[in-house]
Every structure is written in C-alpha cells, then in structure tokens.
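Chain and residue survey
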Amino acid sequence: MDHVDRILAQWNRERPDLDVEPMGLLGRLARLRTHLAREIEKALAEHGLNSASFDVLATLRRSGPPYRLSPGDLIATTMVSSGTMTNRLDQLEKAGLIARSHNPDDRRSVIIALTPKGSALVDEAVTSHVANQHRLLENLSTDERAALDGLLRKFLGDFE
C-alpha cells in the first residue's frame, strides 16, 4: 500500500457512496510530479540552474543556430507570462548566459540569444539532465516505459 492507497481507503470508509478511483490516479500523478521535480531541481542546481532558467536556456539551445528567439517565441514555447519571462531573462542576462539585442527586422523589438557561456552551460546541464532522467526511469522496463508513455500521450492529448 502506498500513501494514496491509504487516502483512498479512508474515503471508501467515510464515503462509500463515492467512486474515488480517479482520485487515486490523479493523486499518484501529483505525488510523482512532486518527487520528480525535486530530483530534477537537485540535478540542475549542480549547474547553478533551476528548472525555470534551464527551460529558457534549453529552449534557445534546441531552436538551432543561431540560438536566438524573440521574447514572444520564448513565451509561447515555455508557456509563461510576459512578466515571468522578463524576470527570467533579467536573471539570465545578469549571469551572462543570454544577451538581448535589437531585432534587425524590427528595431522596436529585441532578440534573445545564448552567449557562449550560456551555450556551454546548457550543453553541460542537458547532458546531466538526460542522465538523471534515465536514472529516474530505471525501475521501469522498456515495455513499461512505452506503455506509460502511450497512456500519458493519450491523456495529455485530451487537454492539448
């Protein structure tokens, strides 16, 4: 029995009229997300990053050469507000990991680019991040990973 099983047993005892099966599935997903996020933050912290800063750097890195995007493109890809993105960009710029420059196609806007320091750091961090992800999934067989991935893709598809 896990923590969620104990919660479900309590609800079944107290409210046997309710079908709490969805509570079990969603509760496990929520608890798993918390555990995974903690492990991911720990691995990123070894590189002086957190998930928010890594998200911006990784988005720029995977955009391909010349590793530049508009703030709007970053916001759309990372799904955060403009205020949140501005704060992230300010911190990354202070650390010398990104640079802002005027957009040559529209002088009213800026372009965000990885600096050489930012590029080196994100390459180092993503290598560590992927190794950590493998570690986090090592208790699942290849078939179990594929099955879980398929189910989660289907479930997520309903929302996206």
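Note on numbering: residues in each chain are counted from 1, in written sequence order. For a predicted model such as this one, the threshold for reporting local features is a pLDDT of at least 70, and the threshold for listing and counting side-chain atom pairs is 80 or more; totals across whole chains, interfaces and linings nevertheless cover every residue. Note that water and hydrogens are dropped before the side-chain values are worked out from all heavy atoms of the structure.

If you look the protein chain up in an unreviewed UniProt entry, it shows as MarR family transcriptional regulator from Shinella kummerowiae.

1. What about the overall build of the protein chain?
Here a strand is any run of E in DSSP of at least two residues, a helix any run of H or I of at least four, and the numbering for each starts at the N terminus. From N to C terminus, the protein chain includes seven helices and three strands. For the radius of gyration, the atoms used are the C-alpha atoms, and the globule rule reads 2.2 Å times the number of residues raised to 0.38. In terms of C-alpha radius of gyration, the protein chain reaches 20 Å, well past the compact-globule figure of 15 Å for 160 residues. Based on the C-alpha atoms only, the size of the protein chain along its principal axes is roughly 65 × 30 × 25 Å. Buried residues in the protein chain amount to 24% of all 160 residues. Carbon and sulfur atoms make up 56% of the accessible area of the protein chain, which totals about 10,900 Å². Exposure classes here rest on a 1.4 Å probe applied to the protein chains alone. A residue is buried below 20% of its type maximum, exposed above 50%, and partly exposed in between. Values of accessible area rely on a 1.4 Å probe in the Shrake-Rupley scheme; residue burial ignores everything except the protein chains shown.

2. So, helix 6 (residues 116–136)
An α-helix turns once per 3.6 residues; consequently, residues spaced three or four apart project the same way. In this analysis, the expected span of each helix is defined as 1.5 Å times one less than the number of residues it contains. Under the 1.5 Å per step criterion, the end-to-end length of helix 6 is 30 Å for 21 residues, consistent within 8% with the ideal 30 Å. Taken together, the buried positions of helix 6 are Gly-118, Leu-121, Val-122, Ala-125, His-129 and Asn-132. The buried residues of helix 6 occupy one face: seen down the axis, they fall within an arc of 95°. In this structure, helix 6 carries Pro-116 and Thr-127 as exposed residues pointing more than 90 degrees from its buried face. What the arc measures is the spread of directions leading from the helix axis to the C-beta atoms.

3. Considerations on the sheet that holds strand 1 (residues 68–69)
Any two strands with at least two DSSP bridges between them are considered paired. In spatial order, the strands read 1-3-2; together these three strands make up an open sheet with antiparallel pairing. Of all strands in the sheet, those with a lone pairing partner are strand 1 and strand 2 (98–103), marking the two edges. Pairing analysis gives two bridges linking strand 1 to strand 3 (residues 106–114), with the strands arranged antiparallel. Counted as the bridge partner of Leu-69 is Ile-112 from strand 3. For this analysis, residues touch if any pair of their heavy atoms sits within 4.5 Å. The axes are straight lines fitted to the C-alpha atoms, using for helices just the contacting stretch, and the angles between their N-to-C directions are given from 0 to 180°. Lying on the sheet, helix 3 (residues 51–62) is in contact with strand 1, strand 2 and strand 3; it crosses strand 3 at an angle near 100°.

4. Remarks on the confidence of the model for the protein chain
Summary of the metric used: pLDDT quantifies the predictor's per-residue confidence within the range 0 to 100. In this model, the protein chain carries an average pLDDT of 95, and 100% of its residues clear a pLDDT of 70 or more. Within the protein chain, no element has a lower average pLDDT than strand 3, which sits at 89, and none a higher one than helix 6, at 98.

5. A short note on a nonpolar patch on the surface
A contiguous nonpolar patch, built from Leu-25, Leu-26, Leu-29, Leu-148, Leu-152, Phe-155, Leu-156 and Phe-159 and spanning about 730 Å² of accessible area, is present on the exposed surface. At the level of secondary structure, the elements contributing two or more residues to the nonpolar patch comprise helix 2 (21–45) and helix 7 (142–157). Looking at the secondary structure, you find Leu-148 in helix 7. Patches here are clusters of residues that have more than 30% relative accessible area and form no salt bridge, with a 9 Å joining cutoff for like charges and a 5 Å cutoff for nonpolar side chains (Val, Leu, Ile, Met, Phe, Trp, Tyr). In what follows, salt bridge is the name for a side-chain nitrogen of Lys or Arg lying within 4 Å of a carboxyl oxygen of Asp or Glu.

6. Brief notes about the packing of helix 3 against helix 4 (residues 71–78)
Axis separation between helix 3 and helix 4 bottoms out at 10 Å; the angle between their running directions is 110°. Taken as axis vectors, helix 3 and helix 4 run roughly perpendicular relative to one another. In terms of crossing hand, the pair formed by helix 3 and helix 4 is right-handed. Note on element contacts: helix 4 touches helix 3 through Leu-74, Thr-77 and Thr-78, opposite Asp-55, Val-56, Thr-59, Leu-60 and Arg-62. Here the term charged refers only to Asp, Glu, Lys and Arg, the term nonpolar to Ala, Val, Leu, Ile, Met, Phe, Trp, Tyr, Cys and Pro, and the term polar to all other amino acids, Gly among them. Broken down by class, the residue content of the contact of helix 3 with helix 4 amounts to three nonpolar, three polar and two charged. For classification, angles of less than 35 degrees are called roughly parallel, those exceeding 145 degrees roughly antiparallel, those between 65 and 115 degrees roughly perpendicular, and all remaining angles oblique. Left-handed describes a crossing whose near helix is turned anticlockwise from the far helix through less than a right angle; right-handed describes the clockwise counterpart.

7. So, the pairing of strand 2
Here strand 2 runs beside strand 3; their pairing, made up of six bridges, is antiparallel. Of the residues in strand 3, the one forming a bridge with His-102 is Val-110. Counted between consecutive antiparallel strands, the loop separating strand 2 from strand 3 contains two residues.

8. Here's the deal with the UniProt feature "domain: HTH marR-type" (unreviewed entry) in the protein chain
UniProt positions are given in the numbering used here, feature names are shortened, and annotations may be inferred rather than shown by experiment. Per the UniProt annotation, the sites labelled "domain: HTH marR-type" (unreviewed entry) are residues 22–157. For the annotated span residues 22–157, helix accounts for 69% and strand for 12% of the residues, and the straight-line distance between the end C-alpha atoms is 18 Å.

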